[in-house]
Amino acid sequence: MAEVVQQRIEERIPELEQLQRVGLFTKKEVKCIIKRTTALEYKLHRAIINKEDFIAYIQYEINILELVKKRRAHIHYQFKREEIEFPIIHRINSIFRRATNNYSCSPRWATKGQISKVFSAMLAIHPDKSALWIMAAKSELEDRDSSESARHLFLRALRFHPNNKKVYQEYFRMELLHSEKLRRQKKDLEMAEIDLGEYEFSPEILSGKLAEVVYRNATGKIKEAEFVISLLNIAAIFDFTKEIQDSILQDLQTNFTEDSLTWDFMAKRELDAPGVGEELQTAKGRASDVNRREERCCQVYEEGVKSLNSEPMWTRYVAFCLERLKRKTNVQDLKEKLQILLSCGDTEGVASVAMAATQHYSQSVSAWSLCLQTLMQLGNRDMGKLFQDALTHVNPKESLPLWQLQVQWSAANQHANTFFLCVYQRGLLSAVAAVAMEMKELYLDWSYSTGEYKKARKTFKSLQEIRPLSKAFFTRMIEIEKKQETPKQNNLRDYYERALQEFGTTDDDLWLQYIQEEMGPGGKPENCGKIHWRAMKFLEGESVERFTSRYTLLQTGHL
């Protein structure tokens, strides 16, 4: 009994540390919480358990939740909700389940039905938590396959939270998922050549009219361009929503032209506009297409600053221009001159111009990269010194291309392996995170190419605790493991778990890959539920929404 109680207390340590770290609770208060919850847990593990013990524990957790809410308002701290409130809500849910299991008249009560009752009980006590309404509605949709119950919960949620953006966004998404499900069912029946006379497929529902009603109600309450754009992005996930998207775009252009975000969004849409098929077949054509799209984008910005001559509008326009300017080369003339000399076979002239350019453009990463590549082609013997000179002159924060070029050169020259190890050691110690992470990835690749799997795994183990780390470092090791004749599933789990320690709060894609791995031939599908629960617990901010959307698509076979 003591071991179980201790485990439950340890599970909440990260949450309590977070409460203390952000200033919502003091160290003394955290100790009091641990002492009180330990006592409450022991009461639930006695031989005879009273209902009052469960109720007291639940009420205590609700009191903590209320206190967190008041403290947040007092100190104006609105972050880390997924790490603080969500675990408390999950714990209340868990205590409810333990209570209903203990007092249920049927020990074989269906789990899904039980969860529904638990949510109902929780919402009756705590209707002011919008996240709880959303969780309950998603449970009805995903676990019980009941869009009607989910819809009913969202409508009830809006009575308590009439201006909550998240509730409207998830309600809108739910209606689109419902339409997509019906469309897929109709398609399957048609492919099976089954008479549709027995089934009712309303054209309005199939086309997403219910979602459109949700959209109208939502934008009637919340008149913000950012909110409208968020609904448009949700609609864009589904391939049958062109009319809805067009309608939302029309609203955006008609009702929100006084918001700089509208112009910024419309301008950047031009960058994603489709090009002409024939033109995209050649490099020159693709470059021409990019230029045209950038011109159209700038035209929209120009209209924006004329219509809305404000500081936010100009700030967005200038930010776009600066971003594009950074992508333009400032050594184009040098490149053309070197190409002309190379085509004429004047190797001495090429070397002379390249060396002179490194002096003239001594702080330019682009110039150094171009000249070093050219000298590498000519087989210059002083490449090691030139690389060191380049790294001495350029800004370290921009030096990554030069490090990559060094590795490329050393890999192409077998006698340079010793030099490569020196490059690796210096790169690994670089104060620039991008360089240190890239060198880890390149060293892992080099280990695999020279010593195959065993050497790569040894390299991975030696580097996996040395920060900074990149996601690519872990995914590359996963790829290497999968290339083996008999990949070890336990090793793959270790790689995913280690990667999630670093990126589990922001990288929703990594959680999905882990789930897909367990759904594969060598995995354990029964682990998927636990991974999903952990993802919902640890992900933060917008990554939660992305994960939920993509997990739903995965379940429906669209991912």
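Residues numbered from 1 in each chain as written. Predicted model: local features only at pLDDT ≥ 70, side-chain atom pairs only at ≥ 80, totals over all residues. Heavy atoms only, no water.

J.: Provide a residue-level description of the overall build of the protein, including the pertinent values.
T.: Looking only at helices and strands, one finds 28 helices and zero strands in the protein. Going through the 559 residues of the protein one by one, you find that 46% of them count as buried. Partitioning the intrachain contacts of the protein with sequence separation of at least 6 by distance along the chain shows that 60% fall at a separation of at least 24. When the accessible surface of the protein is totalled, it reaches about 31000 Å², and 52% of it is carbon and sulfur. (Helix = DSSP H or I, 4+ residues; strand = E, 2+ residues; numbered from the N terminus. Buried < 20%, exposed > 50% of the residue type's maximum accessible area, 1.4 Å probe, protein only. Contact = heavy atoms within 4.5 Å. Areas by Shrake-Rupley, 256 points an atom, 1.4 Å probe, with all protein chains shown as cover.)

J.: I'd like a rundown of the side chain of Ser179, residues and numbers included.
T.: Topologically, Ser179 is positioned in helix 9 (residues 165–191). Among the residues examined, Ser179 registers a relative accessible area of 1% and is labelled buried. Sequence-distant contacts of Ser179, defined by excluding residues within four places in its chain, comprise Ile205, Leu206, Gly208 and Phe240.

J.: Just give me the short version of the side chain of Asp508, but keep the residues and values in it.
T.: By secondary structure assignment, the location of Asp508 is in helix 26 (residues 508–519). Among all residues touching Asp508, those that are not within four sequence positions of it are Leu539, Ser543, Arg546, Phe547 and Arg550.

J.: Explain the pattern of salt bridges residue by residue, including any values.
T.: Enumeration over the complete set of coordinates arrives at 36 salt bridges. Across the pair Lys385 and Asp389 runs a salt bridge whose closest N-O atoms are separated by 3.1 Å. Here the residue Lys385 and the residue Asp389 both occupy positions in helix 20 (residues 383–393), the gap between them amounting to four residues, near one helical turn. Looking at Asp389, the relative accessible area reads 24%, which means it is partly exposed. The partner of Asp509 in a salt bridge is Arg550, with the nearest N and O atoms 2.9 Å apart. On the criterion of sequence distance, the pair formed by Asp509 in helix 26 and Arg550 in helix 28 (residues 542–555) is long-range, its members being 41 residues apart. Judged by relative accessible area, Asp509 falls into the partly exposed class, the value being 23%. Take Arg550: its relative accessible area is 28%, and that puts it in the partly exposed class. Among the charged side chains, a salt-bridge network with shared partners connects Lys471, Asp507, Asp508, Asp509, Arg546 and Arg550. (Salt bridge = Lys/Arg side-chain N within 4 Å of Asp/Glu carboxyl O.)

J.: Please set out the nonpolar core residue by residue, giving values where relevant.
T.: Formed by 83 residues in total, the largest nonpolar core has its most connected members in Phe25, Ile92, Phe172, Leu176 and Leu252. The next biggest cluster of nonpolar side chains, apart from the first, holds 59 residues, and it includes Leu391, Val407, Val432 and Phe547. (Core = buried A, V, L, I, M, F, W, Y, C linked by side-chain atoms within 4.5 Å.)

J.: Could you give an account of helix 14 (residues 260–269), naming the residues involved and the relevant values?
T.: The buried fraction of helix 14 is high, at eight of ten residues. Those residues of helix 14 lying buried are Ser260, Leu261, Thr262, Trp263, Asp264, Phe265, Met266 and Ala267. Near the N-terminus of helix 14, the side chain that reaches the backbone nitrogen of Leu261, with its oxygen 2.8 Å away, is that of Asp259. (Polar contact = N/O pair within 3.5 Å; in protein donor to acceptor, adjacent residues only side chain to side chain.)

J.: Break down the confidence of the model for the protein for me, citing the residues and quoting the values.
T.: On average, the protein scores 81 in pLDDT, and the residues at 70 or more come to 88%. Across the protein, the secondary-structure element scoring lowest on mean pLDDT is helix 17 (residues 332–343), at 67, and the one scoring highest is helix 12 (residues 225–235), at 92. Here residues 104–111 scores under 50 on pLDDT; set against residues more than four positions off or in separate chains, the count is four contacts. (pLDDT = per-residue confidence, 0-100.)

J.: Could you give me a rundown of the packing of aromatic side chains, with the residues and numbers involved?
T.: Considering all chains together, one arrives at 15 aromatic pairs under this definition. Ring geometry for Phe547 against Tyr551: centres 5.8 Å apart, planes inclined by 15°, an arrangement best described as stacked. Placement of the pair is Phe547 and Tyr551 together in helix 28, with a separation of four residues, close to one helical turn. Here the two residues Phe547 and Tyr551 agree in accessibility, since each one is buried. Feature note: the residues Phe460, Phe473, Phe474, Tyr495 and Phe503 constitute an aromatic cluster, connected by ring pairs. Sitting over the ring of Tyr60, Arg36 keeps its end group 5.7 Å from the ring centre. The side chain of Arg71 reaches across the aromatic face of Phe25, ending 5.0 Å from its centre. (Phe/Tyr/Trp six-rings, centres within 6.5 Å; stacked < 30°, edge-to-face > 60°. Lys NZ or Arg CZ within 6 Å of the ring centre and 35° of its normal.)

J.: Let's hear about the environment of Arg316: which residues, and what values?
T.: As for its position among the elements, Arg316 is in helix 16 (residues 311–326). When the C-alpha atoms of Arg316 and Leu261 are compared, they prove to be 8.2 Å apart, with 55 residues separating the residues in sequence. Leaving out residues up to four positions away in the same chain, Arg316 has contacts with Ser260, Leu261, Asp264 and Tyr301.

J.: Describe empty space enclosed by the protein, and please don't skip the residues or the numbers.
T.: This model, assessed by the stated rule, comprises three cavities of 30 Å³ or more. Of the volumes computed, that of the largest cavity is approximately 70 Å³. As for the largest cavity, its lining consists of Ala137, Lys138, Leu141, Glu142, Phe154, Glu170, Arg173, Met174, Leu177, Thr548 and Thr552. Of all the secondary-structure elements, those providing two or more residues to the lining of the largest cavity are helix 7 (130–142), helix 9 and helix 28. Each residue belonging to the lining of the largest cavity can be placed in one class, and the counts come to five nonpolar, two polar and four charged. Estimated volume of the second largest cavity: approximately 50 Å³. Taken together, Ile62, Leu65, Ile89, Ile92, Phe96, Met122, Ile125, His126 and Leu132 make up the lining of the second largest cavity. Taken together, the elements giving at least two residues each to the lining of the second largest cavity come down to helix 4 (51–75), helix 5 (81–103) and helix 6 (111–125). Tallied by class, the residues present in the lining of the second largest cavity amount to eight nonpolar, one polar and no charged. (1 Å grid on protein atoms, 1.4 Å probe; cavity = no way out; pocket = protein on both sides within 12 Å on 5 of 7 lines; lining within 4 Å. Points joined across faces, edges and corners; volume = space filled by probe spheres on them. Nonpolar A, V, L, I, M, F, W, Y, C, P; charged D, E, K, R; others polar.)

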